Amino acid sequence: MSFLAILRATLAKDLLLEWRSKDAINAMLFFSLLVVVIFSFAFDPTAEESRRIAGGLIWVAFLFAAVVALNQTWARELRNQVLDAYRVSPAPANPLFLAKAVGNFIFVSVLEALMTPLFVMFYKLRPLGPAWELIPIAILGTWALVVNGTFFAALSIRTKSREIMLPLLLFPISIPALLGMVNATSAILTGEESAKFWIALLLAYDVVFTLACLLLFETILEAE
Amino acid sequence: MKRGFPILAIVTAVLLSFGLYEALIAAPTERTMGDVQRIFYYHVPSAWTAFLLFLINFVASVTYLIRRNAKADILAMVTAEVGVVFCTVVLVTGPIWARPVWGIWWTWDLRLTLTLVLWLIYVSYLMLRRFSTSSQTPVLAAVLAIFGALDVPLVYFSIWFFRTQHPSPVIGDGGSLDPRMAHVLLINWAAFLCLAWLVCWTRYRLEVVQREVEEAQSLESLLEGEGSR
Amino acid sequence: MPTPPIVVADGVIKQFGRFAALRGVTADFASGRLYVILGDNGAGKTTLLRTIAGLAQPTRGTISVLGSKEIKSVRAQIGYMAHPSLLYDEMSGMENLRYFAGLYGIEDDQSANQRCREVIASVKLDPELPRPVGQYSQGMRQRMSLARALLNDPKLLLLDEPFSNVDSRSAQEMSGLLAQMRNRGKTLLVVTHQPGILESVADEFVWMDAGKIVDRTAKLREGTR
């Protein structure tokens, strides 16, 4: 059973199942919209300061939306104990992890794609720096949240109060990534600084933690 | 081992008292900040002690994952607990110092922020240990400790760069240290290290006994139970 | 030359905090036999099965399965079925099994489809049924779950409460199927509260109480221990 074949099959299965039970997606899309609106009421979009803090606002909004998505990463595998069926098979653990992480990445990216135009509209955002740099920032930042989020969601399977354990574990570890995402985005929006250091930091974060997750996922999966 | 404990206790008491005297009375008064600066002799050694304890936690966690040795796990747990306490001291003494001197309660300077993040990571570590329903909690905790350790350099660099872009007041020594002050600092650090060792040792022994009791209880034969049926 | 035992447990202790589900299980299970494991709730039957399946690690003691202490290496030869269905509710039986076939390395489309059809048919279900498994009756779901456990043609089958909430006809059919498996040389360990269903086909009854094996008999005795 090749690694890629299992990864592809698992990802396909997850996307199929997500498609068939659309209620979860709809609720999350609506939640993302709500977050943007609430933020707009809480942080006055007409103030001059908006451009400076917009980077932070957007990523905190993405973070909240991501947590809602991450919390149900493993929900389907826990229903009917299907995860046992995977564990009992000779399939290695990492394709399962990557399939879930990539699935979450796709899902959170969809949420971000919905929230971004709203933010741009409400806050009248116009990047004064090189706008194309926002793409690597978005990709690296989202992966940073999703890779550790998927891992900690799996860790949380073995705890009480699962839904609160995930953010509890994820937020402290994500602080450098959050600094990276927010400052990089602000740098591009205000055009006052270069985002290069922050992009490099995000890249380093992603590499370090993707490796850590791949090395340690099997260990926590088997820690019943 | 057990004989060393009372000796360590006495040494700790002596060092702490001596350190207290040195810090509050013998050390020279700082020129600009006055007496409130003396809190520095508690703020800084607490930070160093906490960092050292977390380093030990990291080593113990890695050892546990490789060897699955219960002693390594207990050491990891103990150093995390005591480390959080010392971190809390840093986070409390920081604002107490900052407020009268600089007029602000908090500044996102490197040491304070790094300490805050470490405190958050290790509190989450302790919560994981408490909330875990797995029979292999030590494994989960060790993995989290490794993630935390990997995070530390990233936290350091991100804050460092942020500070160079957006400078702000530093709660710290600001410049060279008078050798008499350095001397007092080191005495207090030695005292704190001994205190940390003492508390860790006690907690360690407590945990060892607790686990033995749990194990004995769970394996207890039900012979009495059957007889009473 | 006699075949070595398929499962060897030696002093297995499994603790969950203050509670010890297994308090020292030492047993051999021979190849090609059907064992029925019985006992009250909390006796440790499920824990024992999960430990043999490699889903849980013993706190102390060792388990060796198919000659190996590293259960990971022999997973391809183990089939496991539990009281929950271990299936995705929103997919059809065939879709479920196709996915699991991939996990067992049966990648080639044609042979995977064929194998899935075979195994679904062997539990007397319709492979072409498009209905999602979540809408099956309990009997159908248990049979599909059994099909999943048989997918990789395992040497060792571990079944935890396969007959629970199943209508008697399905139960009889499953029982016949299990006997066939045993006759083909497979080893089966079946945990059940309804040993009567397997009374005529079982080779041995294993009685558990409070985390230990307390008796092993060739016949089922009514209401005694």
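In this text the structure is predicted, and so the values were computed from the model without any measurement.

Peer 1: I would appreciate a short explanation of the overall build of chain B in the present structure.
Peer 2: Scanning chain B for helices and strands turns up seven helices and zero strands. When its helices and strands are written in sequence order, chain B yields α-α-α-α-α-α-α. Referenced to the eigenvectors of the C-alpha coordinate spread, the extents of chain B come out at roughly 80 × 45 × 30 Å. Looking at chain B as a whole, 36% of its 229 residues are labelled buried.

Peer 1: Which parts of the structure should I look at to understand the environment of arginine 98 of chain C?
Peer 2: All names here are of chain C. By the element assignment, arginine 98 lies in helix 2 (residues 93–103). Separated by 69 residues in sequence, arginine 98 and aspartate 167 have C-alpha atoms that sit 27 Å apart. Not counting residues within four places of it along the chain, the set of residues in contact with arginine 98 comprises Ala112 and Cys116.

Peer 1: I keep staring at the interface of chain B and chain C and nothing clicks. Help me out?
Peer 2: Think of interface size as the accessible area that goes away when the parts come together; that is how it is often given. In this complex, chain B contributes six residues to the contact, which on the side of chain C involves eight residues. Grouping the constituent residues of the side of chain B that touches chain C by class yields two nonpolar, three polar and one charged.

Peer 1: I tried to follow the sheet that holds strand 2 (residues 19–29) of chain C on my own but got confused; where do I start?
Peer 2: Working definition: the strands of a sheet are paired by backbone hydrogen bonds and lie parallel or antiparallel to each other. All names here are of chain C. With antiparallel pairing, the three strands of this open sheet are ordered in space as 2-1-4. Looking at which strands have only one partner, the edges of the open sheet turn out to be strand 2 and strand 4 (60–65). The sheet shows a mean angle of 20 degrees between the axes of neighbouring strands, direction not considered. When strand 1 (residues 7–16) meets strand 4, the two strands line up antiparallel, connected through five bridges. By the bridge assignment, alanine 9 is partnered in strand 4 with isoleucine 63.

Peer 1: Please explain the interface of chain A and chain B as it appears in this structure.
Peer 2: The partner chain B presents 28 residues to the 28 residues of chain A that form the contact. Mapped by element, the contributors of at least two residues to the side of chain A that touches chain B are helix 8 (162–190) and helix 9 (196–221) of chain A. Grouping the constituent residues of the side of chain A that touches chain B by class yields 19 nonpolar, five polar and four charged.

Peer 1: In this structure, what is going on with the environment of methionine 115 of chain A? I would like to understand it.
Peer 2: Residue and element names in this part refer to chain A. Note that methionine 115 resides in helix 6 (residues 93–123). C-beta crowding within 10 Å serves as the criterion here: with 20 such atoms nearby, methionine 115 is assigned to the buried category. Residues methionine 115 and leucine 214, 99 residues apart in the sequence, show an inter-C-alpha distance of 30 Å.

Peer 1: How should I be thinking about the nonpolar core in this particular structure?
Peer 2: Soluble globular proteins: nonpolar side chains tend toward being buried together. Of all hydrophobic cores here, the largest spans 124 residues; its most connected members are Leu202 of chain A together with Ala76 of chain B. In terms of residue count, the dominant contributor to this core is helix 3 (residues 70–102) of chain B (14 residues). Among all residues touching leucine 202 of chain A, those that are not within four sequence positions of it are Ile137, Leu140, Gly141, Ala144, Ala177, Gly180, Met181 and Ala184 of chain A.

Peer 1: Please clarify how helix 4 (residues 110–131) of chain B should be interpreted in this entry.
Peer 2: Counted at 1.5 Å a residue, the expected span for helix 4 of chain B with its 22 residues is 32 Å, and the 31 Å between its end C-alpha atoms agrees. Buried residues of helix 4 of chain B: Leu112, Thr113, Thr115, Leu116, Val117, Leu118, Trp119, Ile121, Tyr122, Ser124, Tyr125 and Leu128 of chain B, and no others. For helix 4 of chain B, the secondary structure elements touched by its buried residues are helix 8 of chain A together with helix 2 (40–67), helix 3 and helix 5 (137–165) of chain B.

Peer 1: Can you walk me through the sheet that holds strand 8 (residues 204–209) of chain C in this structure?
Peer 2: Residue and element names in this part refer to chain C. Taken in spatial order, the six strands line up as 5-6-7-3-8-9 in an open sheet, and their pairing is mixed. Across the chains shown, the open sheet's two edge strands, defined by having one partner strand only, are strand 5 (78–81) and strand 9 (212–217). The average angle at which neighbouring strand axes cross in this sheet is 20 degrees, direction not considered. Note: strand 6 (residues 156–160) against strand 7 (residues 187–191), five bridges, orientation parallel. Counted as the bridge partner of leucine 157 is leucine 188 from strand 7. Of the strands in this sheet, strand 3 (34–38), strand 6 and strand 7 touch helix 5 (residues 168–183), which is tilted by about 145 degrees from strand 7.

Peer 1: Help me out: how do you make sense of the pairing of strand 6 of chain C in this one?
Peer 2: Residues and elements named next belong to chain C. Of all five residues making up strand 6, five are buried, and the element is well covered by its neighbours. Residues Leu156, Leu158 and Asp160 line one face of strand 6 and the alternating positions Leu157 and Leu159 line the opposite face, and both faces are buried. Bridging between strand 5 and strand 6 involves four bridges; their strand directions are parallel. From the neighbouring strand, methionine 81 faces strand 6, where its bridge partner is leucine 159. With helix 5 bridging strand 6 and the parallel strand 7, this β-α-β connection has right-handed handedness.

Peer 1: Whenever I open this one, the confidence of the model for chain B confuses me. Can you help?
Peer 2: Segments scoring low in pLDDT should not have their predicted coordinates read at a detailed level. Confidence in the prediction of chain B, expressed as mean pLDDT, is 86, and 93% of residues score 70 or more. Confidence drops under pLDDT 50 across residues 222–229 of chain B; counting only partners more than four residues distant or on other chains, this segment forms one contact.

Peer 1: Quick question: what am I supposed to make of the confidence of the model for chain C here?
Peer 2: Here chain C averages 90 in pLDDT, while 98% of its residues score no lower than 70. For this predicted complex, the interface confidence score (ipTM) comes to 0.92, while the overall pTM stands at 0.92.

Peer 1: Teacher, can you tell me more about the packing of helix 2 of chain B against helix 3 of chain B here?
Peer 2: Think of two packed helices as two axes; the pair is described by the angle between the axes and how far apart they sit. Residues and elements named next belong to chain B. Contact pair helix 2 / helix 3: the axes reach a minimum separation of 7 Å and the direction vectors enclose 155 degrees. Our classification of the angle between helix 2 and helix 3 gives roughly antiparallel. Taken as a pair, helix 2 and helix 3 cross one another with a handedness that is left-handed. Considered class by class, the residues forming the contact of helix 2 with helix 3 number 19 nonpolar, ten polar and two charged.

Peer 1: What exactly am I supposed to notice about helix 8 of chain A here?
Peer 2: An α-helical turn contains 3.6 residues, so any two residues separated by three or four positions project in the same direction. All names here are of chain A. If you check helix 8, its first and last C-alpha atoms are 39 Å apart, about what 29 residues at 1.5 Å a residue would give, namely 42 Å. If you look at helix 8, its biggest bend is around 60 degrees, right at isoleucine 175, and the proline proline 176 turns up within four residues after that. Here helix 8 lies mainly inside the structure; 21 of its 29 residues are buried. With its phi angle positive at about 65 degrees, glycine 191 sits one or two positions after the end of helix 8.

The rules behind these values
Residues numbered from 1 in each chain as written. Chains lettered and ligands numbered in written order. Predicted model: local features only at pLDDT ≥ 70, side-chain atom pairs only at ≥ 80, totals over all residues. Helix = DSSP H or I, 4+ residues; strand = E, 2+ residues; numbered from the N terminus. Buried ≥ 20, exposed ≤ 12 C-beta atoms within 10 Å, placed from the backbone. Contact = placed C-beta atoms within 7 Å. Nonpolar A, V, L, I, M, F, W, Y, C, P; charged D, E, K, R; others polar. Pairing = 2+ DSSP bridges. Axes fitted to C-alpha atoms, helices over the stretch in contact; angles between N-to-C directions. Core = buried A, V, L, I, M, F, W, Y, C linked by C-beta atoms within 7 Å. Expected span 1.5 Å × (residues − 1). Right-handed = clockwise from strand over helix to strand, strands pointing away. pLDDT = per-residue confidence, 0-100. Parallel < 35°, antiparallel > 145°, perpendicular 65-115°, else oblique. Left-handed = near helix turned anticlockwise from the far one by under 90°. Bend = angle between axes of the 7 residues up to and from the residue.

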